[in-house]
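Results of the structural survey
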Amino acid sequence: MNGVIAIEFILFDCMETLIDMTQLPDRRDYAFWAYDGCGVEYLWNDFEEFFDEYRLAADSIAEKSPQYKEHSIMDRFMFMLDRKNIKENINILLDSIYQNYWKNYSSRCYVDVETVNLLFYLSNKYKIGVVSNFIVDNGVEDLLKKTGIIDYFEFVVTSVKCGWRKPHKIIYDEAVSKSGAKIRDICFIGDDYVCDYKAPREIGIKSYLYDRNTKYSHIQDRVTRLIDLKQLL
């Protein structure tokens, strides 16, 4: 680390930085959380068919979109339902799948006590915001409320609302604008090398990598524990 830096505003990534999960999911897990218990499983022959359709939806939407253009989880589920010959109210079916997904996802999220203590400390010295790639509308805000830490943040910027995900410049620009601070007075902290460390630096934002598994030991500007930010900042 290069020593103490002068900043006014700290931008945090959300998932795997501020908020952790009891289970690190892969694409199959995400699909299963939507399917199992949703009440409309009968629309598919089994979970394997649902999973195939889930992957097709995600890949098809991505292929038709510009690089880093974001879509929502609802877009993905609607794509899947549109491929069915459904006579029922499609919005009710969509909501059943979404609510099941979000219940299963959010129930696995938590914030470490050490992180809460850090946010309390930092919020008395700096203004803080969240910038997150997230495809559930108001999902990050809901998680911050449920974990009891939302009051520490001035604002939340998510890719699903912004329309572009990190590392696209637009989402960082939106966060900078909301902060009201000059770029040189902002610091970005997160666990993703490209999205949270490299990309912010390319537009002049100071950044520090949260490298909890010590994958990037060659990088000086990193912390292996978030609590170390007390000394760094």
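Just so it is clear, the structure is predicted and the values come from calculations on it, not from any experiment.

What counts, and at which threshold
Residues numbered from 1 in each chain as written. Predicted model: local features only at pLDDT ≥ 70, side-chain atom pairs only at ≥ 80, totals over all residues. Heavy atoms only, no water. Helix = DSSP H or I, 4+ residues; strand = E, 2+ residues; numbered from the N terminus. Rg over C-alpha atoms; globule rule 2.2 N^0.38 Å. Buried < 20%, exposed > 50% of the residue type's maximum accessible area, 1.4 Å probe, protein only. Contact = heavy atoms within 4.5 Å. Areas by Shrake-Rupley, 256 points an atom, 1.4 Å probe, with all protein chains shown as cover. Lys, Arg positive; Asp, Glu negative; His and termini not counted. Charge placed at Lys NZ, Arg CZ, Asp CG, Glu CD. Pairing = 2+ DSSP bridges. Axes fitted to C-alpha atoms, helices over the stretch in contact; angles between N-to-C directions. Phe/Tyr/Trp six-rings, centres within 6.5 Å; stacked < 30°, edge-to-face > 60°. Lys NZ or Arg CZ within 6 Å of the ring centre and 35° of its normal. Salt bridge = Lys/Arg side-chain N within 4 Å of Asp/Glu carboxyl O.

What follows concerns the overall build of the chain. Looking only at helices and strands, the chain has ten helices and eight strands in total. The C-alpha atoms of the chain give 19 Å as radius of gyration, which agrees with the globular expectation for 233 residues (17 Å, within 12%). Over its C-alpha atoms, taken along the principal directions, the chain stretches across nearly 60 × 35 × 30 Å. The buried share of the chain, taken over its 233 residues, is 50%. For the chain, restricting intrachain contacts to residue pairs at least 6 apart in sequence, the fraction spanning at least 24 positions comes to 65%. Surface exposure of the chain reaches about 11500 Å², of which carbon and sulfur atoms provide 45%. Measuring between centres, the 30 positive side-chain charges of the chain sit 4 Å from its 37 negative side-chain charges.

Another point: the sheet that holds strand β7 (residues 206-210). The strand order β5-β4-β1-β6-β7-β8 describes an open sheet built from six strands, whose pairing is parallel. Unpaired on one side and paired on the other, β5 (155-158) and β8 (222-223) mark the two borders of the sheet. One ladder, built from four bridges, connects strand β1 (residues 9-12) with strand β6 (residues 186-190); its direction is parallel. Its bridge partner being in β6, L11 is matched across the sheet by F188. Contacts from helix α6 (residues 139-146) reach β4 (127-132) and β5 within the one sheet, and its direction differs from that of β5 by about 140°.

To continue, consider the packing of aromatic side chains. Taken as a whole, this structure holds 19 aromatic pairs when the rule is applied. Seen from their ring centres, Y105 and F134 are 5.7 Å apart, and the 80° between their planes marks the pair as edge-to-face. Of this pair, Y105 sits in helix α4 (residues 90-106) while F134 sits in the loop between β4 and α6, and the two are 29 residues apart along the sequence. A relative accessible area of 6% means that F134 is categorised as buried. For the cation-ring pair, K69 lies above W164, with the distance from its terminal atom to the ring centre recorded as 5.3 Å. Here the guanidinium or amino end of K230 rests over the ring plane of Y121, the centre of that ring lying 4.9 Å away.

This part takes up the environment of V157. When you line up the elements, V157 lands in strand β5. Separated by 87 residues in the primary sequence, V157 and E70 have C-alpha atoms spaced 13 Å apart. With residues up to four places along the chain from it excluded, the contact list for V157 reads V130, V131, S132, I171, E174, A175 and K178.

Our next topic: the pattern of salt bridges. Two side chains carrying opposite charge are able to pair once their charged atoms lie near each other. Summed over the entire model, instances satisfying the criterion amount to 15 salt bridges. For D20, the salt bridge is made with R212, and the minimal N-O distance between the two is 2.7 Å. Separated by 192 residues along the polypeptide, D20 in strand β2 (residues 20-21) and R212 in the loop between β7 and β8 bring together distant segments of the chain. The class of R212 is partly exposed, set by a relative accessible area of 36%. The salt bridge involving R201 is made with D221; its shortest N-O contact spans 2.6 Å. A residue pair is termed long-range when its members are at least 10 positions apart, and R201 in helix α9 (residues 193-202) and D221 in the loop between β7 and β8 qualify at 20 residues. Where salt bridges share partners, they join D13, K166 and D196 into one cluster.

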